[in-house]
Amino acid sequence: MSSNTLAKAAPSAAGPPATTTGETQPRIVRRPRTGQWLAAAVVLALLAIAANSVIRNKAFQWDVVADYFTSASILRGLGLTLWLTALVMALGFALGTLLAVMRLSANPVLRTVSWGYVWLFRSMPILVQLLFWFNIGALYPHILGVRTVDLFGPVTVAVIGLTLHEAAYAAEVVRGGILSVDRGQIEAAQALGLGRIRRWRRIILPQAMRSILPPAGNMLIGTLKGTSIVSVIAVQDLLYSAQLVYHRTYQVIPLLLVATVWYVVVTSLLSVGQFYVERHYARGSERTR
């Protein structure tokens, strides 16, 4: 057999032979999505109606909202709210981390104490805890020779009550993050001779943070909004500052809107920050994006 015959018999490397019958590939017809477009149109129409009613309703008094939005009293209350949120989160997670380590300890006493703390403070409403600490002087009139009334002011009571409450939830968040780290990696680090501190710093915590950050971010936002409850013990946070104004001017709705808009703005900024922090700790994993 000649080489020309073999060349004709061999399949072409450039691709399959072109069809000579004039047939074409079947055309892909997308399935109509009439229902989806109709639902989207209805939702957009309802949102437009709601937005129009809020913007054009004179009862909202948006001009009053604009006047008080950056007033000195409101900004002072906002500053106290942010300070209280940052302090409570820092102290709450410090105590929560300690409780999580105790819960994972081989010591049964430490495990029991940690479990009891979490059980107790998660069972009590935060308002009850604040009122209890606010009236602690009825149980202990003097502590270390100092009158309890002078020692526990409203802001101190708010910090103590919120911190003890947040620590119970932070302990479970940290414990869940530590348990999410694969046990084999810890054993491998031990086999390499890494010390306990280096294992925690280089192996456990960077991986645990991937599981800790999402619920921790939710806790941060929840704490920011939850600080509004301290207004019941006369702490001049954002909500209490707004209440002081509308008790004087009787403009309840506009001042509540001022507080609401500030909460929305700060929460949005915290959400953006949470996104970038999560992306930083998710480097090298499938959750990077």
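Predicted model only: the values in this text are computed from it and were never measured. (Residues numbered from 1 in each chain as written. Predicted model: local features only at pLDDT ≥ 70, side-chain atom pairs only at ≥ 80, totals over all residues. Heavy atoms only, no water.)

### Looking at the overall build of the chain
Here is the rule: By the criteria applied, helices consist of DSSP H or I runs no shorter than four residues and strands consist of E runs no shorter than two, each listed in order from the N terminus. Residue burial is assigned from relative accessible area. The probe radius is 1.4 Å, only protein chains are included, and a residue is buried under 20% of its type maximum, exposed over 50%, and partly exposed in between. Throughout, a residue-residue contact means that at least one pair of heavy atoms, one from each residue, lies within 4.5 Å. Surface accessibility follows the Shrake-Rupley procedure with a 1.4 Å probe radius. Residue values consider only the protein chains on display as shielding.
Looking only at helices and strands, the chain has twelve helices and two strands in total. Burial status across the chain gives 30% buried among its 289 residues. Restricting the contact set of the chain to residue pairs at least 6 apart, pairs at least 24 apart contribute 75%. For the chain, the computed accessible surface area is about 19000 Å², with 64% contributed by carbon and sulfur atoms.

### A short note on the packing of aromatic side chains
The test is simple: Ring pairs shown here join Phe, Tyr and Trp side chains whose ring centres sit within 6.5 Å, with only the six-membered ring taken for Trp; geometry is labelled stacked below 30 degrees between planes, edge-to-face above 60, and tilted in between.
Applying the stated criterion across every chain, the model contains six aromatic pairs. Ring centres of F60 and W62 lie 5.8 Å apart, and the angle between their planes is 20°; this geometry places the pair in the stacked category.

### Overview of the pattern of salt bridges
Condition: Between Lys or Arg on one side and Asp or Glu on the other, a salt bridge is scored when a side-chain nitrogen of the former is within 4 Å of a carboxyl oxygen of the latter.
Tallying each qualifying case throughout the model produces two salt bridges. The residue E172 makes a salt bridge to R103 at a minimum N-O spacing of 3.2 Å. Linking E172 in helix 8 (residues 154-179) with R103 in helix 4 (residues 72-103), this pair joins segments that are 69 residues apart in sequence. With relative accessibility at 21%, the residue E172 sits in the partly exposed group.

### With respect to the confidence of the model for the chain
To keep things clear, this is the line we draw: Confidence of the predictor at the level of single residues is captured by pLDDT, which takes values from 0 to 100.
Mean pLDDT over the chain: 84, with 89% of residues reaching 70 or higher. Low pLDDT (under 50) marks residues 6-15, which in the prediction has one contact with non-local residues, meaning those over four places away or in another chain.

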